[in-house]
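Architecture and fold: a report
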Amino acid sequence: MTPTPHRTNPGPQGTNAHPLRFGYGTNGLADLRLDDALALLADLGYDGVGLTLDHMHLDPLAPDVAARTRKVARRLDALGLGVTVETGARYVLDPRRKHSPSLLDPDPADRARRVDLLIRAVRIAADLGAHAVHCFSGVLPADPSHLANPAHLADPADPAHHAATADPAEDSAWKRLAETLTPVLDAATHAGVPLAVEPEPGHLLATLADFHHLRRILGDPPALGLTLDIGHCQCLEPLSPADCVRAAAPWLRHVQIEDMRRGHHEHLPFGDGEIDFPPVLEALAATGYQALTVVELPRHSHAGPHFAAQSLPFLHRAARAIPAGAEGSTP
């Protein structure tokens, strides 16, 4: 396939009217070969890609993963695409259990498999020149009775003390999460690639408040950043999505975007949910965020090229509604 020259996305009158850079997630293009998916995104005018490490694209467990990574890096460079590495593949570690094992798995050997996957992802991200590596906590074990009852992980007198510390099982789960993430953060620090943890509805780390709880437990390491999913903000955060962006600005390392409805964790095409996107993109532009904002439609992969073609013009229209001077200012 002939490399497609990258084109800078034009704003109004052919100028760059906003600093935002848009990508599309390969988990929404799972029926395409990776090379075809990347060419499609470059042809459509995307600035980059959220690359989910999975068996159908770039398999992190393949014996020749280093050679494959070098090939993908050359392809990204030829197409002019930026990249963030995502680790949300459903069955990459276990063909029978979705997103398993997790960082919270009761079995230390299983937790080690997830840690190994994330460290592999960090190495791949470094070789690709990626902006960040995305990950999430996983859900609490179905039967948390095996968890120990450690001392509280934070000072209860601290007004920012997380409510989860009232539950000994959750206390222990937070400690386990911090312990399992520590070697991943060490690898990220060594590689110079931030680890961007995503608050995921239904997981132990589900909200922005949860992210800050983890950050305090870990001692606020520089390598720890945040993946902010705009739809998740609409789904369950007390703040509006635009206010979530402003609140999260100092820790933003990766952004995912789609439409969603309040109280329903269902990733929807733009216009099918309740989010007002111009204020969200205005808030994001005002933070000075420089990395990718990636469309996240994994359950629409059956029509991935169609939704990829629709999504970018929608985002450009929303971005053109940003008032002049909003970009680049401080939140």
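Residues numbered from 1 in each chain as written. Predicted model: local features only at pLDDT ≥ 70, side-chain atom pairs only at ≥ 80, totals over all residues. Heavy atoms only, no water.

A complete count under the given rule lists nine salt bridges for this structure. We note a salt bridge from Arg97 to Asp94, for which the minimum N-O separation is 2.9 Å. The shortest N-O distance in the salt bridge between Arg120 and Asp116 comes to 2.8 Å. Taken together, the residues Arg120 and Asp116, both in helix 3 (residues 108-128) and four residues apart, mark about one turn of the helix. Owing to a relative accessible area of 27%, Arg120 belongs among the partly exposed residues under this scheme. One continuous salt-bridge network, built from bridges that share partners, spans Asp94, Arg97 and Asp105. (Salt bridge = Lys/Arg side-chain N within 4 Å of Asp/Glu carboxyl O. Helix = DSSP H or I, 4+ residues; strand = E, 2+ residues; numbered from the N terminus. Buried < 20%, exposed > 50% of the residue type's maximum accessible area, 1.4 Å probe, protein only.)

Here we come to the environment of Gly28. Along the chain, Gly28 falls in the loop between strand 1 (21-25) and helix 1 (34-44). Taking C-alpha positions, Gly28 is 8.8 Å from Pro305, a pair spaced 277 residues apart along the chain. Ignoring sequence-local partners within four residues, the contact set of Gly28 consists of Leu297, Pro298, His300, Ser301 and Gly304. (Contact = heavy atoms within 4.5 Å.)

Moving on, we get to the packing of aromatic side chains. Evaluation of the coordinates by the stated rule reveals four aromatic pairs. Consider the rings of Tyr24 and Tyr46, whose centres lie 5.8 Å apart with planes at 70°: the pair is edge-to-face. With Tyr24 in strand 1 and Tyr46 in the loop between helix 1 and strand 2 (48-52), this residue pair connects regions lying 22 residues apart in the sequence. The pair formed by Tyr24 and Tyr46 is uniform in burial state, with each residue classed as buried. Plain terms: the ring middles of Phe277 and Phe314 are 5.5 Å apart, the flat faces sit at 90° to each other, and that makes the pair edge-to-face. Note that Phe277 is positioned in helix 8 (residues 277-287) and Phe314 in helix 9 (residues 304-320), a separation of 37 residues in sequence. Members of the aromatic cluster, connected to one another through ring pairs, are Phe270, Phe277 and Phe314. (Phe/Tyr/Trp six-rings, centres within 6.5 Å; stacked < 30°, edge-to-face > 60°.)

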